[in-house]
Amino acid sequence: MKIKVVKDYDEMSLLAAKQIIEQIKIKNNSVLGLATGSTPIGMYKNLIEYFKRGEVDFSKVITFNLDEYIGLDKGNEQSYIYFMKKNLFSHINIKEENIFIPDGTAKDAEIECKRYNELLEKYGPIDIQILGIGVNGHIGFNEPSKSLTLRTHVTDLTEDTRKANARFFDDISKVPTKAITMGIGDIMKAEKIILLASGKSKAPIIKHMVETGISTFIPASVLKLHKNVEIIADEDAASLIEKDSCIA
Ligand code: PGA
């Protein structure tokens, strides 16, 4: 696992965007695994800028999002499909049919998971998977637990996650209690994984993930078993890591 420490959020965002642009230059029909949350917004802004300057063509790019809340429809401003349209898709030339996000309003969420897994099989493997990290170590909505699930599944959100995400809702009671998320196995199948972390609030979990062993109670620590993972952390997020753990 490689750790690249950069100065701040802007540098993290630009570096991640550059890697995606390089990937699309090598393979115009790249499959990207995308994340929501505050962390990747700057990266998406950079991708939009590259597109506006005519430096990248998304017309053949395929995207898979990690997760979606159950119960929020696509018109709900807190749904992840809404987030992705607002922060990326509506500003670039990606084709609607090449965008995949679990449907949180599907009548039968289990059937929706099966459908998503089949799509991942059909279009995968993902070339670059972008991840954020929760303060509790979750990736996607794979929450700390006695066991982790390999494939796309329905999950209960932990109180930590609901509290962390309550900032986007009127109050915590409005934060959904369930979500559909790609599983750890789906994430680990990606050719390359880039985990982004910014800010002091992420420093304890980044230290924990990097410096302690692999545990299902820190889902991101499982990434240590992947052959091609890069953490891009800004100085604040990396501030608690021991210097000699920078290459693990
Ligand atoms: P954040 O969320 O980018 O809003 O910090 C990350 C996550 O929960 O995975």
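In this text the structure is predicted, and so the values were computed from the model without any measurement. Residue numbers here run from 1 along each chain, matching the order of that chain's written sequence. Per-residue local features of the predicted model are confined to residues with pLDDT of at least 70, and side-chain atom pairs are confined, for both listing and counting, to 80 or more; whole-chain, interface and lining totals are unaffected and use all residues. For side-chain calculations, the full set of non-hydrogen atoms in the structure is used, while hydrogens and water are omitted.

## Overview of the site of the ligand
Link 1 in the chain: Taken together, the residues surrounding the ligand are G37, S38, T39, G132, I133, G134, H138, R167 and K202.
Link 2 in the chain: N or O atoms within 3.5 Å of each other form a polar contact, as long as, within protein, one can give a hydrogen and the other can take it, and as long as residues adjacent in sequence are counted only when both atoms are side-chain atoms. Within the side chain of T39, one N or O atom sits 2.4 Å away from an oxygen atom of the ligand.
Link 3 in the chain: At 2.6 Å, a side-chain N or O of K202 approaches an oxygen atom of the ligand.
Link 4 in the chain: Reported accessibility uses the Shrake-Rupley method at a 1.4 Å probe radius. Residues are deemed covered only where the shown protein chains occlude them. Contact with the protein chains covers 84% of the free accessible surface of the ligand, which is 280 Å².
Link 5 in the chain: Any residue outside Ala, Val, Leu, Ile, Met, Phe, Trp, Tyr, Cys, Pro, Asp, Glu, Lys and Arg is labelled polar, Gly included; the first ten of those are nonpolar and the last four are charged. Tallied by class, the residues present in the shell around the ligand amount to 1 nonpolar, 6 polar and 2 charged. In these notes, residues near a molecule or strand are those with any non-hydrogen atom within 4 Å of it.

## Here we look at helix α1 (residues 9-26)
In an α-helix, one turn spans 3.6 residues; hence positions three or four apart end up facing the same way.
Link 1 in the chain: Put simply, DSSP marks the helices as runs of H or I at least four residues long and the strands as runs of E at least two long, and each gets a number from the N terminus on. One less than the residue count of a helix, multiplied by 1.5 Å, gives the span that helix is expected to have. Under the 1.5 Å per step criterion, the end-to-end length of α1 is 26 Å for 18 residues, consistent within 8% with the ideal 26 Å.
Link 2 in the chain: Working definition: with a 1.4 Å probe on protein chains only, accessible area under 20% of the residue-type maximum means buried, over 50% means exposed, and in between means partly exposed. Here α1 has its buried residues at M12, S13, A16, A17, Q19, I20, I21, Q23 and I24.
Link 3 in the chain: If you follow the buried residues of α1, they end up packed against β1 (2-6), β2 (31-34), α2 (41-52), β6 (128-131), β9 (192-197) and β10 (229-234). Residue contacts are defined here by distance: any two heavy atoms, one from each residue, within 4.5 Å place the two residues in contact.

## Some details on the pairing of β2
Link 1 in the chain: Residues V31 and G33 line one face of β2 and the alternating positions L32 and L34 line the opposite face, and both faces are buried.
Link 2 in the chain: Only strands that DSSP links by at least two bridges are regarded as paired with each other. Taken together, the 4 bridges between β2 and strand β3 (residues 62-65) define a ladder with parallel strand orientation. Looking across to β3, one finds that L32 is bridged to T63.
Link 3 in the chain: For crossovers, right-handed means that the path from the first strand over the helix to the second runs clockwise, given strands pointing away from the viewer. As a crossover connection, the stretch from β2 through α2 into β3 is right-handed.
Link 4 in the chain: Across 2 bridges, β2 lies against β6 in parallel orientation. Bridging across to β6, G33 finds its partner in Q129.

## Re the pattern of salt bridges
Pairing of side chains with opposite charge becomes possible as their charged atoms draw close.
Link 1 in the chain: The salt bridge definition used is simple: a Lys or Arg side-chain nitrogen within 4 Å of an Asp or Glu carboxyl oxygen. Overall, the coordinates contain 16 salt bridges when judged by the stated rule.
Link 2 in the chain: Among the ionic pairs, K85 bridges to E96, the shortest N-O distance being 3.9 Å. In this pair, K85 sits in helix α3 (residues 80-87) while E96 sits in the loop between α3 and β5 (99-100), placing the two residues 11 residues apart along the sequence.
Link 3 in the chain: Through salt bridges with shared partners, a single ionic network connects E121, R151, D186 and K189.

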